[in-house]
Amino acid sequence: MSQPLAYRMRPTSIDTLVGQEHLVGEEKIIWRMVEAKRLSSMILYGPPGIGKTSIASAIAGSTKYAFRMLNAATDTKKDLQIVAEEAKMSGTVILLLDEVHRLDKPKQDFLLPHLENGRIIMIGATTENPYISIHPAIRSRSQIFELFPLTEFQIQSALLRAIDDTEKGLGHLNLQVEEQALLHLSRGTNGDLRSALNALELAAESTKPDADKVIHITLPIVEECLQRKVLTHDKDGDAHYDVISAFQKSIRGSDVHGALHYLARLLEAGELQIVCRRLMVVAYEDIGLANPAGSARAVTAVQAAEKLGLPEARIPLANAVIELSLSQKSNSAIVAVDKALSDVRNGKSGQVPNHLKDSHYKGAKNLDRDVSYKYPHSFPGSWVSQQYLPDSLKSETYYLPNPSSKFEEALAKQYKKFNT
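Residues numbered from 1 in each chain as written. Predicted model: local features only at pLDDT ≥ 70, side-chain atom pairs only at ≥ 80, totals over all residues. Heavy atoms only, no water.

### Here's the deal with the overall build of the chain
Item 1. Broken down by element type, the chain carries 19 helices and seven strands.
Item 2. Expected size for 420 residues packed as a compact globule is a radius of gyration near 22 Å; at 28 Å, the chain overshoots this value by more than 25%.
Item 3. On the principal axes, the C-alpha backbone points of the chain span a range of 80 × 60 × 40 Å.
Item 4. For the chain, buried positions account for 44% of its 420 residues.
Item 5. Surface accessibility of the chain: about 22900 Å² in total, with carbon and sulfur atoms responsible for 53%.
Item 6. Within the chain, one finds 49 positive and 50 negative side-chain charges whose respective centroids are separated by 7 Å. (Helix = DSSP H or I, 4+ residues; strand = E, 2+ residues; numbered from the N terminus. Rg over C-alpha atoms; globule rule 2.2 N^0.38 Å. Buried < 20%, exposed > 50% of the residue type's maximum accessible area, 1.4 Å probe, protein only. Areas by Shrake-Rupley, 256 points an atom, 1.4 Å probe, with all protein chains shown as cover. Lys, Arg positive; Asp, Glu negative; His and termini not counted. Charge placed at Lys NZ, Arg CZ, Asp CG, Glu CD.)

Below, the structure written as structure tokens:
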């Protein structure tokens, strides 16, 4: 049986990896380890299909060390012994140990001395939090790196590479993939490149070519192969953005039922990343200073959702959507900063007043820098009246309180105290 496309397309060098730039990008930690050939055991954790095995394969390919793959749950201690014997013969073996959180004590006890002497460089892969699920003895001998779901554009670039690759990919087939079909493959797998590649291969191999021997991959074919429909789409893809817009406007309009409906549509379409980004935007744009604690809880919910992945991500997201929909609203912060940005972009800036300019250099006093500055903490209540805006803008106002909640009502009182 031929190897799956996702297996064939695994990178053989660190430079061909897709995503995880915070670890494998130039001058980042794993890149530096490979460049210096100073590898240490590591644990890679994150959702499925985002590059844990690919990183191990690329490290092995870049360093030319022997590379072996085992599963901590299904492979035996004897399998580990075979790898250890090979390491004695060849000097160093890179061992990808999948599901490393399921390593039992006998296997662990056997493995530890080989990690100590460096004969086996273990790259443990897990979807579980290693600080909770992995034994401290293994953790203490390993670097721990967190991996994140790939972006839509990273997945799309990997799919295009697979379509064009004549040696390992699908380049030997005369494929024509519709733009909307490629977009759905990129978006509909929630950052899981393996699933996207598997669906692309299934679509290519199960679709009959036309009279000109061209295999046309359409959106309905991709929907069937992914078993996930694009719930709203049209020729130009506008309706996709309509749902995102309706999601934010429902929260802004305090319609909790509408907000939950559009949340469900986006999640069912696999748009977890878009939901997370939009929820953080609406938390600070539309709720803002009316409920700062609610905005903070929305960020926490997003972080939990990104850790959990779908389907469990729906739970913290629903909590946040319900609270934000029913919360008091204020857009005073975005109005204030946009007004300030508008002035700056239209050339309304002016000189910083002399008493606010930097004075941490010799001769500053001779230039009248900081001479008349009043240090607020030297005055009662840590406040004193003085000019902060440039002369050309000294009467300008940007923030106007919207006392629609107790928090912003308190800000309004402070604002009145400092501006009368």
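### Quick notes on the sheet that holds strand 2 (residues 66–71)
Item 1. As summarised here, the arrangement of the five strands in space is 2-3-4-1-5, forming an open sheet in which the pairing is parallel. Edge positions in the open sheet fall to strand 2 and strand 5 (143–146), since each of these has one partner strand only. With direction set aside, neighbouring strand axes in the sheet form an average angle of 20 degrees.
Item 2. Where strand 3 (residues 93–98) and strand 4 (residues 120–126) come together, six bridges link them in parallel fashion. Its bridge partner being in strand 4, Asp98 is matched across the sheet by Ala125.
Item 3. Across the sheet, helix 4 (residues 52–63) lies against strand 1 (42–45), strand 2, strand 3 and strand 4, angled at about 175 degrees from strand 3, the strand it touches most. (Pairing = 2+ DSSP bridges. Axes fitted to C-alpha atoms, helices over the stretch in contact; angles between N-to-C directions. Contact = heavy atoms within 4.5 Å.)

### Regarding the nonpolar core
Item 1. Counting residues in each nonpolar core, the largest one holds 28 residues, and the members touching the most others are Leu5, Leu159, Leu185, Leu197 and Leu200.
Item 2. Those elements that place two or more of their residues in this core are helix 1 (5–8), helix 9 (152–164), helix 10 (179–187), helix 11 (193–206), strand 7 (215–217) and helix 12 (219–226).
Item 3. Per-element accounting of this core gives the leading share, seven residues, to helix 11.
Item 4. Beyond its immediate sequence surroundings of up to four residues, Leu5 is in contact with Ala162, Lys168, Gly169, Leu170, Leu197, Leu200 and Glu201.
Item 5. Counting 25 residues, the second-largest nonpolar core is a separate cluster that includes Leu267, Ile274, Ala283 and Leu317. (Core = buried A, V, L, I, M, F, W, Y, C linked by side-chain atoms within 4.5 Å.)

### Re unusual backbone geometry
Item 1. The linkage connecting Leu310 with the following residue, Pro311, adopts the cis geometry, with an omega of 10 degrees.
Item 2. In this fold, Pro311 is placed in the loop between helix 16 (292–308) and helix 17 (314–326).
Item 3. With a phi angle near 50 degrees, Glu99 is a residue other than glycine that sits in the positive phi range.
Item 4. Here Glu99 lies in the loop between strand 3 and helix 6 (105–116).

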